[in-house]
Number of protein chains: 2
Amino acid sequence: MTKPLSGLLAFVFATSALAGPIVHDAEYYVLEAQNGKRWAAEDDGLRARLSALREKFGTPPNIVHIMWDDTAYGDVGIPAIQKVRGLDTPHLNRMAREGILFTRMYTEVGCTPSRAACMTGRHPIRNGMYNIGMLRESHGLRAEEVTLAEVLSGAGYATAFHGKWHLGDIEESYAHLQGFDEAFFTGYNQILSLWTRQAEQANATMGLFEDLLPSDPYKLDDTFITKGWVTVLEGTKGGAARQWLDNSYATYEKIDAEAQDRTIAFIEKKAKAKQPFYVANWPMMASFMPTAKKVSQGRSLLQDGLQGNVDPFVGRVMEVLNDLGIAENTLLVCMADNGPMAHNPPPGCGFAETIFRGGKGDFLEGGVRVPAQAWWPGTIEPGQLVGDIIHEVDLFTTFASLAGATDAIPADRVIDGIDQTALLLNGDTHSRRDYVFIYAGPNLGATVKGPYKRHWITSDPIGEGSGIAAGFFFLPSDTREKSPMLVNLIHLKTPFNRMRIRHELWKKKYPDSPEKHGIPWTGIANATPEVKALASPPAVLKALPFDPLEYVEHLDELPFDPQADPDFGE
Amino acid sequence: MTKPLSGLLAFVFATSALAGPIVHDAEYYVLEAQNGKRWAAEDDGLRARLSALREKFGTPPNIVHIMWDDTAYGDVGIPAIQKVRGLDTPHLNRMAREGILFTRMYTEVGCTPSRAACMTGRHPIRNGMYNIGMLRESHGLRAEEVTLAEVLSGAGYATAFHGKWHLGDIEESYAHLQGFDEAFFTGYNQILSLWTRQAEQANATMGLFEDLLPSDPYKLDDTFITKGWVTVLEGTKGGAARQWLDNSYATYEKIDAEAQDRTIAFIEKKAKAKQPFYVANWPMMASFMPTAKKVSQGRSLLQDGLQGNVDPFVGRVMEVLNDLGIAENTLLVCMADNGPMAHNPPPGCGFAETIFRGGKGDFLEGGVRVPAQAWWPGTIEPGQLVGDIIHEVDLFTTFASLAGATDAIPADRVIDGIDQTALLLNGDTHSRRDYVFIYAGPNLGATVKGPYKRHWITSDPIGEGSGIAAGFFFLPSDTREKSPMLVNLIHLKTPFNRMRIRHELWKKKYPDSPEKHGIPWTGIANATPEVKALASPPAVLKALPFDPLEYVEHLDELPFDPQADPDFGE
């Protein structure tokens, strides 16, 4: 099934034709068979509480989702780690004290897959979003995917996206064509801060701005280096895309402030209109070429970004929600999108493993177990430390459930997300998930079940090369996954095999989609000449014996090897 | 100077003849020159507060020091790490909430050096205690060292030691001959749990109990394998030593309960007598052959030891202090002796790095930066997270200062400890130390100054072999010491060189003492025949062309290479 490029039409299509019960992953049914009766009884109580709240406020709860980059467990929300790491995030920490601090929030291994998972409630392996989009990746979120914005729009929610989208550079992936009423977004990541003249001047090793370089006497090909991209796009639902400002470093530095102002304005406007809203503000957080005064004791990109940028914004959001009188009808979720950039980080950047081994790109806990917290005064009990497993795909299903929009979730595909309303409202031990499948790129790297973890492939394909074989781990006593317990835990071999086979057999019924590729940055009203030129081959290449743009449609055929892929470990 | 073997005489000698101002390490004088005036003014306030307390209770404060093994930062006192690691220590965590949680408590790299540092206020390099004592090490704490027990005895304190001493097997090192009024102690570590018939039967790979093994048809030498040692000794100050029970596993399992009961009884008795007291209870905590029911979600040696053994005891101590009405006149310090056993741990033991890299034996932060907390209701402000550097040697000087016994600290040697009373009473930012010299064995591995760290030798001699060169690190942004900043921090080269050279020049004036070796387990009233035999060569070796025991006095001449030494990384 394909859906038309217009997000608006796609929404109508997606939410009307596909109604039916959610198709979960196989493992969920195993849990439901054993706990379903208890859960149904619990649901009665949850519904009563949510109804009372709706009675009081007149709308279902608002949802604010703030998700930043590359942060290790404990770098936010745990002051005794922050003291060591040289940062302080008083608002985020207060939020944790007044709400839930999750100790087992799992994400995907990298930015693009993580964001795709939140938006679709599906592991990115299912929709081809498992790669990390880089400059002119020519790839993005498929129109056929039904996003959280589409689901919530159907329940009358106003929806907005502000910040780092990083879900593609092809037109169908644009945020305002994926269901958001308003969107202000980047197609790529913080490397946009380096793709600038100012960065070329500062380190001159990129070669993007050739006029700043000596001429190369050996140069034969003017088409090799990419020309033309877009730093920020903006648009409203189903409408035209417009580039915001230009691709300069000055523009880059303004993104977060602009996104934050738009989010606050959106909240104020919708609160006054008494319309329930969902806003995702995913900050850029930092620049790879930081120029501002340092604010943290850690002095580094990560710490300064969290303390100086993200944290004050979270404080501002909480204050605005309080001032508007809607804090008690708003769920605020703040989290990182994946583990720290532990491999090949910029020097002095402050990214570091904390308690877990590995980081971004790794299926080790360090890659996928992130700081995460939820705040909802009056509904979420304060001061909770939650030991349950939750996965970011669950936010999709849970937000839909809170909005009364579960019926708009498509029923023709696997939704990995599980409704975790009980965990939010009843707290510790009330998760409805005890498992996670962790993909690194298109490969299933590991499976978690309760305190146990099965590595399916060697554990450190891109790191220091620990030489540890795939194996079985008991996470509480070996959080760093360094000591596979081949003897003690060999009794888990068959159970893990059974789990994986069920997971893969289920895919025969509900197959994965490959990556979606296309010409980048089409459909922009004010496109620069360089961007426009991306859609047609350079004149000088017109006479080639093959179509110079043909390759784009075949990009998904590249072999994927996480050990060789520069997107992993970057 | 040597002191006689009798601890009682030694004490009189040590504390009368050596009076004078403390000789600090060179670096301290650099700090004092810049901060001395401010510190002196601050001291007036501190003295007034301590006088008022003494007025109220009639004695200087009591001191209880509980120090266990091999625990990574955060495994105690930080619930959000404990949730991940599968343990809960409610009493220790309450203690942290009601007092200080130190985020930069440094220790020595291993058990023996760490304990020697606490007892003498000196880095073990200065007194030959830098090795980790193993079965029949034939080595121990020199009589010439002036221990904390000796210093505090001179100020009228009752003193007791209960638990894991691990400061030697030679007579002069026995705890009751090193100044304690009463002592119940092990000369070695938890490996005593393996040196038992029960362990030989369970894994049969040690070869200590040869009657449990098949006879070896190739065996030529009956003297190679050590026979004769002592699991627990007891004694009172200057008196005879007696072995407590035998060397069986059943005895091992009773050590902590007995030590805990003796500590509680000691506290009750001294409180009733209104005598100020100092008691060190350093638990064995765990067994390398655990047989009891598991109590922690982590199921492992470390977690079960902390949750099931140490934590309830800490709770019991706090309760007893409260019940006796002396909690407000008692300083309780609880901490680990060094980082986790990250190298070659027993399988499934639960030792793991948390936020820092490395563990026991390493000069990396993971080896020497430990969980530590201080509790003193009414005097220490509750809920403090202290970011200052403090080192376990400072406990020596600080405890002496609180007891009014600073004059008893010997003035003929370097005391690395600094009086940290201001840090305890005034909290965060009131440390009088911004540096640490970290030795691994006899080698200076690294130097810390504020947030910076200089590795003098490669950082991972025994670990996974990261291939990282010696270099400069900025700890907040690189807690795991993985990214030496040779360019950014090269401006620190001369300052660190200057610091090290001053440290070493000072040693020319106050030289280090070599290791002290001797025949183990002499002077025991109820010695077994096997133990008695240690002091004389086996009859069969009487006719050798050399003295079969001569080697003992030359043990300190062995070359030390941390890469080859099995004591490091064990």
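Under an unreviewed UniProt entry, chain A has the name Arylsulfatase and belongs to Stratiformator vulcanicus. Under Sequence similarities (unreviewed entry), UniProt gives the following word-for-word description of chain A: "Belongs to the sulfatase family."

(A) Expanded view of the relation of the copies chain A and chain B. Once chain A is rotated about the relating axis by 180° and shifted along it by 0.0 Å, it coincides with chain B to within an RMSD of 0.0 Å. Seen this way, the second copy is the image of the first under a two-fold rotation axis. Minimal C-alpha separation from the rotation axis in chain A is found for Ile355(A), amounting to 2.2 Å. Comparing contact sets, 100% of the residues at the interface of chain A also lie at the interface in chain B, consistent with an isologous, same-surface contact.

(B) Quick peek at the sheet that holds strand S15 (residues 443-449) of chain B. Residue and element names in this part refer to chain B. An order of S14-S15-S16-S17 is seen for the 4 strands of this open sheet, with the pairing classed as antiparallel. Whereas interior strands pair on both sides, the edge strands pair on one side only; in this sheet they are strand S14 (435-440) and strand S17 (472-474). Neighbour to neighbour, the strand axes of the sheet diverge by 20° on average, direction disregarded. With 6 bridges joining them, S14 and S15 adopt antiparallel strand pairing.

(C) A look at unusual backbone geometry. All names here are of chain A. Of note, Arg-136 is a non-glycine position whose phi angle comes to about 55°, a positive value. Residue position: Arg-136 is located in the loop between helix H5 (111-120) and helix H6 (148-153). Judged by its relative accessible area of 23%, Arg-136 falls in the partly exposed class. For Trp-521, which is not a glycine, the phi torsion comes out positive at approximately 60°. Position of Trp-521 among the secondary structure elements: in the loop between helix H13 (493-509) and helix H14 (529-533). Classification of Trp-521 as buried rests on a relative accessible area of 3%.

(D) Broad picture of the packing of helix H4 (residues 90-97) of chain B against helix H9 (residues 301-323) of chain B. Residue and element names in this part refer to chain B. Put simply, H4 and H9 touch, their axes get as near as 7 Å, and they point 55° apart. Our classification of the angle between H4 and H9 gives oblique. Side by side, H4 and H9 meet where Pro-90, His-91, Leu-92, Arg-94 and Met-95 of the first sit next to Val-310, Asp-311, Pro-312, Val-314, Gly-315 and Met-318 of the second. Grouping the amino acids of the contact of H4 with H9 by side-chain chemistry returns 7 nonpolar, 2 polar and 2 charged.

(E) Broad picture of H5(A). Residues and elements named next belong to chain A. Taking burial as the measure, the 10 residues of H5 include 10 buried ones, the bulk of the element. Listing the buried residues of H5 in full gives Cys-111, Thr-112, Pro-113, Ser-114, Arg-115, Ala-116, Ala-117, Cys-118, Met-119 and Thr-120. Residues of H5 that are buried make contact with strand S1 (62-68), H6, strand S4 (158-164), strand S8 (277-282) and helix H11 (393-402). Looking one or two places after H5, you find Gly-121, whose phi comes out positive at around 70°.

(F) Spatial organisation of H13(A). Residues and elements named next belong to chain A. End to end, H13 covers 25 Å across 17 residues, agreeing with the expected 24 Å (1.5 Å per residue, within 8%). By the burial criterion, the buried members of H13 are Phe-496, Met-499, His-503 and Lys-507. Down the axis of H13, the sector holding all buried residues measures 80°, keeping them to one side. Looking at H13, the residues exposed on the side facing more than 90 degrees away from the buried face are Thr-494, Lys-508 and Lys-509. Structurally, H13 contributes buried residues whose contacts are with helix H2 (26-57), strand S14 (435-440), strand S15 (443-449), strand S16 (452-455) and strand S17 (472-474).

(G) Structural view of the interface of chain A and chain B. Taken together, the 41 residues of chain A in the interface contact 41 residues of chain B. Together chain A and chain B conceal approximately 3,200 Å² of surface at their shared face, both sides included; 59% is due to carbon and sulfur atoms. Connecting chain A to chain B are 6 salt bridges. Put simply, Glu353(A) and Lys482(B) hold a salt bridge, and the shortest N to O gap is 3.7 Å. For the pair chain A and chain B, the interface holds 15 residue pairs in polar contact (both at pLDDT 80 or more). Those elements that place two or more of their residues in the side of chain A that touches chain B are helix H3 (79-85) and strand S12 (384-386) of chain A. Take the side of chain A that touches chain B: its biggest share by element is 6 residues, from H3(A).

(H) Looking closely at the environment of Pro347(B). Its location among the elements puts Pro347(B) in the loop between strand S9 (330-336) and helix H10 (365-368). For the pair Pro347(B) and Leu301(B), spaced 46 residues apart in sequence, the C-alpha separation works out to 9.8 Å.

(I) Up close: the nonpolar core. In terms of nonpolar packing, the biggest core is built from 122 residues, with Trp68(B), Phe102(B), Phe161(B), Tyr278(B), Leu332(B) and Trp521(B) touching the most fellow members. For this core, the element with the highest residue contribution is H9(B), accounting for 10 residues. Judged by nonpolar contacts, the second largest core, of 118 residues, contains Ile66(A), Val76(A), Val279(A) and Met341(A).

(J) Geometry of the sheet that holds strand S13 (residues 390-391) of chain A. All names here are of chain A. Read across the sheet, 3 strands follow the order S10-S3-S13 without closing on themselves; strand pairing throughout is mixed. Of all strands in the sheet, those with a lone pairing partner are strand S10 (369-370) and S13, marking the two edges. Where strand S3 (residues 105-106) lies against S10, 2 bridges are found, and the strand directions are antiparallel. Within S10, the position partnered with Tyr-106 by the bridge is Arg-369.

(K) Structural detail: the pairing of S4(A). All names here are of chain A. Summarising burial for S4: 7 of the 7 residues are buried, a large majority. Note: S4 against S8, 6 bridges, orientation parallel. Paired with Phe-161 across the strands is Ala-280, a residue of S8. Pairing between S4 and strand S5 (residues 182-186): 5 bridges, direction parallel. Within S5, the position partnered with Ala-160 by the bridge is Glu-182.

Reading the values: rules and limits
Residues numbered from 1 in each chain as written. Chains lettered and ligands numbered in written order. Predicted model: local features only at pLDDT ≥ 70, side-chain atom pairs only at ≥ 80, totals over all residues. Heavy atoms only, no water. UniProt positions renumbered as here; feature names shortened; annotations may be inferred. Least-squares fit on C-alpha atoms with pLDDT ≥ 70 in both. Contact = heavy atoms within 4.5 Å. Pairing = 2+ DSSP bridges. Helix = DSSP H or I, 4+ residues; strand = E, 2+ residues; numbered from the N terminus. Axes fitted to C-alpha atoms, helices over the stretch in contact; angles between N-to-C directions. Buried < 20%, exposed > 50% of the residue type's maximum accessible area, 1.4 Å probe, protein only. Parallel < 35°, antiparallel > 145°, perpendicular 65-115°, else oblique. Nonpolar A, V, L, I, M, F, W, Y, C, P; charged D, E, K, R; others polar. Expected span 1.5 Å × (residues − 1). Arc of directions from axis to C-beta. Buried area = accessible area lost by both parts, 1.4 Å probe. Salt bridge = Lys/Arg side-chain N within 4 Å of Asp/Glu carboxyl O. Polar contact = N/O pair within 3.5 Å; in protein donor to acceptor, adjacent residues only side chain to side chain. Core = buried A, V, L, I, M, F, W, Y, C linked by side-chain atoms within 4.5 Å.

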